[in-house]
Amino acid sequence: MAAGAEPTIDALGQFKLHTVLGPLGASVNFTQSNLIMLIGGALMILLLWFGMKPRAVIPGRLQAVAELPTNSSTT
Amino acid sequence: MSVEQIGPQGSRYFPFVFTLFFFVLMGNLLGLLPYSFTYTSHIAVTFALALTVFVLVTIVALLLHGLHFFSYFVPQGAPKLLIPVLVPIEAISYLSRLISLPVRLFANMVAGHVMMEVFATFLVLMASAGAVGIFAAIFPQIVNVILIGFELLVAALQAYVFALLTCLYLHDAVHLH
C-alpha cells in the first residue's frame, strides 16, 4: 500500500483474488474467497453441533446462540 | 422469520433461508477480520446466491400454481384496459429482483471495505508525514474504529435483509398476491 516510493490510495486491491494452499490450490484455482467460504460453513456447523449437544431445557450460553435462529422462526 | 413471512407452509423453506442467512452472515462477519476476505464483496458470489433464490422462487410458484402463476403479473382489480401496460411493468419489476438482490449486498460490502481501506491509507500516509502527522493520524484511526462498529451492523443487517427478501419472494410465490 504505502510501501512503495510513491504511496497511493489503493482501495480496490483488497478485493483481488489469489490462490491459496500452494501449488495444489493453484492447480484448481482455489482462492482465499473459497477458503473463507469453507471456514464460514465449518464455523456454523461447529456452532450448531456443539450448541445443540447439551440438550438442556434451560439452555446455556452456546446453546442459546445455536437455538436462536430456530426459535425466532417457529414462534 | 420464514413462518412469519411465508405463512404456515413457511417451515418447508426454513432450511433454505437458514443456510442462506448464515452463509451471507459468515461471509460478512469473517470479512471484517484482518487478513480475511469478504466473499460477499464479489458480485459473482452474490449474483449466484440471488440466481438460486430467483430460480427457486419461480419453480416453487410454477409447481404450486402451474400456469396460473402468470396471473401474478396482473395486479388484482386492475382495469382490463390497463393490462397490456401493467403486465410488462410487473414482469420487469419481477425480473429486477435478480439485479437488486445481489447488488444491494455487494455494494454495501464493497462500500464499507473501501471506506476502511481509504481511512487506513490516510492513517499510514499521515503517520509517515512527520511529528505532527503522527498526532493527526489519530483521527483516521478514530474514524476506522467507528467504521468497524458500523460495518458489524451492516454485516448483520445485510444478511438479515437478504434472508428477509428471500422470505418475501417465497411468500409471493406461495400466495401469488
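Residues numbered from 1 in each chain as written. Chains lettered and ligands numbered in written order. Predicted model: local features only at pLDDT ≥ 70, side-chain atom pairs only at ≥ 80, totals over all residues. Heavy atoms only, no water.

Visitor: Account for the overall build of chain A, naming residues and giving values.
Guide: Within chain A, the regular secondary structure consists of 3 helices and 0 strands. When the helices and strands of chain A are placed in sequence order, the string is α-α-α. Across the 75 residues that make up chain A, the buried fraction comes to 24%. The contacts in chain A between residues at least 6 apart in sequence include a share of 0% that link residues at least 24 apart. (Helix = DSSP H or I, 4+ residues; strand = E, 2+ residues; numbered from the N terminus. Buried < 20%, exposed > 50% of the residue type's maximum accessible area, 1.4 Å probe, protein only. Contact = heavy atoms within 4.5 Å.)

Visitor: Could you give an account of the overall build of chain B, with specific residues and numbers?
Guide: Within chain B, the regular secondary structure consists of 6 helices and 0 strands. Overall, chain B shows an N-to-C arrangement of helices and strands of α-α-α-α-α-α. The burial tally for chain B puts 41% of its 177 residues in the buried class. Partitioning the contacts of chain B with sequence separation of at least 6, the portion at a separation of at least 24 is 74%. Summed over all atoms, the accessible surface of chain B reaches about 9,100 Å², with 79% contributed by carbon and sulfur. Within chain B, one finds 4 positive and 5 negative side-chain charges whose respective centroids are separated by 16 Å. (Areas by Shrake-Rupley, 256 points an atom, 1.4 Å probe, with all protein chains shown as cover. Lys, Arg positive; Asp, Glu negative; His and termini not counted. Charge placed at Lys NZ, Arg CZ, Asp CG, Glu CD.)

Visitor: Would you mind going over the pattern of salt bridges in detail, with residue names and values included?
Guide: All names here are of chain B. Counting across every chain of the model gives 1 salt bridge over all chains. Between Asp-172 and Arg-97 there is a salt bridge, and its shortest N-O distance comes to 2.8 Å. Here Asp-172 is found in helix α6 (residues 138–175), whereas its partner Arg-97 is found in helix α4 (residues 83–127), with 75 residues between them in sequence. (Salt bridge = Lys/Arg side-chain N within 4 Å of Asp/Glu carboxyl O.)

Visitor: Any details on the packing of aromatic side chains? Residues and values, ideally.
Guide: All names here are of chain B. The tally for this structure, following the rule as stated, stands at 6 aromatic pairs over all chains. Between Phe-54 and Tyr-94 the ring centres are 5.4 Å apart and the planes differ by 45°, which places this aromatic pair in the tilted class. A residue pair is termed long-range when its members are at least 10 positions apart, and Phe-54 in helix α3 (residues 43–65) and Tyr-94 in helix α4 qualify at 40 residues. Classification of Phe-54 by relative accessible area gives buried; the value is 16%. For Tyr-94, a relative accessible area of 6% gives the class buried. Counting every residue linked through ring pairs, the aromatic cluster contains Phe-14, Phe-18, Phe-21 and Phe-22. (Phe/Tyr/Trp six-rings, centres within 6.5 Å; stacked < 30°, edge-to-face > 60°.)

Visitor: Tell me about the nonpolar core, residues and numbers included.
Guide: Ranked by size, the top nonpolar core spans 42 residues in total, and within it B:Val53, B:Val57, B:Tyr94, B:Leu101, B:Phe162 and B:Leu170 carry the most contacts. Contributions of two or more residues to this core are made by α2 (32–52) of chain A together with α2 (14–30), α3, α4 and α6 of chain B. (Core = buried A, V, L, I, M, F, W, Y, C linked by side-chain atoms within 4.5 Å.)

Visitor: So, α6(B): which residues are in play, and what are the values?
Guide: With 38 residues, α6(B) should cover 56 Å at 1.5 Å per step; its first-to-last C-alpha distance of 55 Å lies within 8% of that length. Backbone geometry just after α6(B) places B:Leu176 at a positive phi near 65°. (Expected span 1.5 Å × (residues − 1).)

Visitor: Please set out the packing of α2(A) against α2(B) residue by residue, giving values where relevant.
Guide: Two elements in contact, α2(A) and α2(B), have axes separated by 9 Å at closest approach and are oriented at 120°. Between α2(A) and α2(B), the angle is such that the two are oblique. As α2(A) packs across α2(B), the resulting crossing turns out to be right-handed. Residues A:Ile36, A:Met37, A:Ile39, A:Gly40, A:Leu43, A:Met44 and A:Leu48 of α2(A) pack against B:Phe18, B:Phe22, B:Phe23, B:Met26 and B:Leu30 of α2(B). Split by residue class, the contact of α2(A) with α2(B) holds 11 nonpolar, 1 polar and no charged. (Axes fitted to C-alpha atoms, helices over the stretch in contact; angles between N-to-C directions. Parallel < 35°, antiparallel > 145°, perpendicular 65-115°, else oblique. Left-handed = near helix turned anticlockwise from the far one by under 90°. Nonpolar A, V, L, I, M, F, W, Y, C, P; charged D, E, K, R; others polar.)

Visitor: Just give me the short version of the environment of A:Ser33, but keep the residues and values in it.
Guide: Tracing the backbone shows A:Ser33 in helix α2. Sequence spacing of A:Ser33 and A:Pro23 is 10 residues, and the spatial spacing of their C-alpha atoms is 17 Å. In contact with A:Ser33, not counting residues within four places along its chain, are A:Leu17, B:Phe37 and B:Tyr39.

Visitor: Provide a residue-level description of the environment of B:Ile148, including the pertinent values.
Guide: Residue and element names in this part refer to chain B. Within the secondary structure, Ile-148 is located in helix α6. The class of Ile-148 is partly exposed, set by a relative accessible area of 35%. Taking C-alpha positions, Ile-148 is 10.0 Å from Leu-33, a pair spaced 115 residues apart along the chain.

Visitor: Which residues make up α2(B), and what values go with them?
Guide: Its 17 residues place the ends of α2(B) 24 Å apart at the C-alpha level, agreeing with the 24 Å of an ideal helix rising 1.5 Å per residue. Every buried residue of α2(B) is listed here: B:Val17, B:Phe18, B:Leu20, B:Phe21, B:Phe22, B:Val24, B:Leu25, B:Met26, B:Gly27, B:Asn28 and B:Leu30.

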